[in-house]
Amino acid sequence: MADTIFGKIISGHIPCHRVYEDDRVLAFLDINPLSVGHTLVVPKEPAVTGTRDYNVLENNGAPAHQAIAHVHFHIIPKPNGQEGLVVGWPAGALDPARGQELAEKIRAALLHIGK
Ligand code: 5GP
């Protein structure tokens, strides 16, 4: 396991507000959310892509800039500081009590979907 914050979260050495976990993936609330429910989905095995700089983006719904109503992911290279995706990132701070409540809610919703 790579020695990163996410590696430590996966191994349980750093706590998180977990919303989903299986053998391959851990999903948990971002500690500095851009909006309520901002979740990180992390493969347990650290991946090496070979590509240095790029963004992966999925837009869902017209207000989130989805134009084509068929699920798709954008892979957008960032070859220099100019081209590629421009991201606004107005981060807040995750309140621990609110985080616990929210993670429980999302876990319950995921269990409901799984049935
Ligand atoms: P990146 O900038 O690598 O795309 O995203 C990393 C994300 O991890 C950031 O949005 C940041 O808020 C989040 N993050 C960093 N450290 C921690 C942590 O210790 N716990 C949690 N839950 N999220 C973290």
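Just above, that's the structure.
Residues numbered from 1 in each chain as written. Predicted model: local features only at pLDDT ≥ 70, side-chain atom pairs only at ≥ 80, totals over all residues. Heavy atoms only, no water.

1. Remarks on a nonpolar patch on the surface
And then number 1: Among the surface-exposed residues, Y54, V56, V71, F73 and I75 lie close enough to one another that they form a single nonpolar patch of about 530 Å² accessible area.
And then number 2: Relative to the helices and strands, F73 is located in the loop between β4 (54–57) and β5 (74–77).
And then number 3: Residue classification places F73 among the exposed residues on the basis of a relative accessible area of 56%. (Patch = residues over 30% accessible without salt bridge, like charges linked within 9 Å, V, L, I, M, F, W, Y side chains within 5 Å. Areas by Shrake-Rupley, 256 points an atom, 1.4 Å probe, with all protein chains shown as cover. Salt bridge = Lys/Arg side-chain N within 4 Å of Asp/Glu carboxyl O. Helix = DSSP H or I, 4+ residues; strand = E, 2+ residues; numbered from the N terminus. Buried < 20%, exposed > 50% of the residue type's maximum accessible area, 1.4 Å probe, protein only.)

2. Focus on the site of the ligand
And then number 1: Around the ligand, the surrounding shell consists of I5, F6, I9, F28, L29, D30, I31, N32, L40 and W89.
And then number 2: D30 is positioned such that a nitrogen or oxygen atom in its side chain is 2.4 Å from an oxygen atom of the ligand.
And then number 3: I31 is positioned such that a nitrogen or oxygen atom in its backbone is 3.2 Å from a nitrogen atom of the ligand.
And then number 4: With the chains in place, 60% of the 520 Å² that the ligand exposes on its own is no longer accessible.
And then number 5: In this structure the site holding the ligand corresponds to the second largest pocket.
And then number 6: Of all elements in the fold, only α1 (5–11) and β2 (25–29) reach the threshold of two or more residues within the shell around the ligand.
And then number 7: Top contributing element to the shell around the ligand by residue count: α1, with three residues.
And then number 8: Counted by class, the shell around the ligand contains eight nonpolar, one polar and one charged residues. (Near = heavy atom within 4 Å. Polar contact = N/O pair within 3.5 Å; in protein donor to acceptor, adjacent residues only side chain to side chain. 1 Å grid on protein atoms, 1.4 Å probe; cavity = no way out; pocket = protein on both sides within 12 Å on 5 of 7 lines; lining within 4 Å. Sits in = over half its atoms within 2 Å of the grid points. Nonpolar A, V, L, I, M, F, W, Y, C, P; charged D, E, K, R; others polar.)

3. Here's the deal with the layout of surface pockets
And then number 1: Counted as a void, the largest pocket has a volume near 980 Å³.
And then number 2: When residues of the lining of the largest pocket are traced back to their parent elements, those giving at least two are α1, β3 (39–43) and β4.
And then number 3: If one sorts the elements of the lining of the largest pocket by residue count, β3 sits on top with five residues.
And then number 4: Counted by class, the lining of the largest pocket contains 19 nonpolar, nine polar and three charged residues.
And then number 5: The volume enclosed by the second largest pocket comes to roughly 280 Å³. (Points joined across faces, edges and corners; volume = space filled by probe spheres on them.)

4. Topic: the sheet that holds β2
And then number 1: Judged by pairing direction, the sheet is antiparallel, and its three strands sit side by side in the order β1-β2-β3 without closing on themselves. Of all the strands in the sheet, just β1 (18–21) and β3 have a single pairing partner and so form its edges. In this sheet, adjacent strand axes meet at a mean angle of 15 degrees when their direction is disregarded.
And then number 2: Pairing of β1 with β2, which is carried by three bridges, proceeds in the antiparallel orientation. Note on β2: the bridge partner recorded for E21 is L26.
And then number 3: Strands in contact with helix α2 (residues 96–114) are β1, β2 and β3; relative to β1, the strand with the most contacts, it is inclined by about 35 degrees. (Pairing = 2+ DSSP bridges. Axes fitted to C-alpha atoms, helices over the stretch in contact; angles between N-to-C directions. Contact = heavy atoms within 4.5 Å.)

5. What to know about the packing of aromatic side chains
And then number 1: Following the criterion strictly, the structure yields one aromatic pair and no others.
And then number 2: Each ring, one from F6 and one from F28, has its centre 5.6 Å from the other, and the planes form 80 degrees; the classification is edge-to-face. Within this pair, whereas F6 is found in helix α1, its partner F28 is found in strand β2, the two being separated by 22 residues in sequence.
And then number 3: Note on F6: relative accessible area 35%, which makes it partly exposed. (Phe/Tyr/Trp six-rings, centres within 6.5 Å; stacked < 30°, edge-to-face > 60°.)

Geometry only, nothing functional implied.
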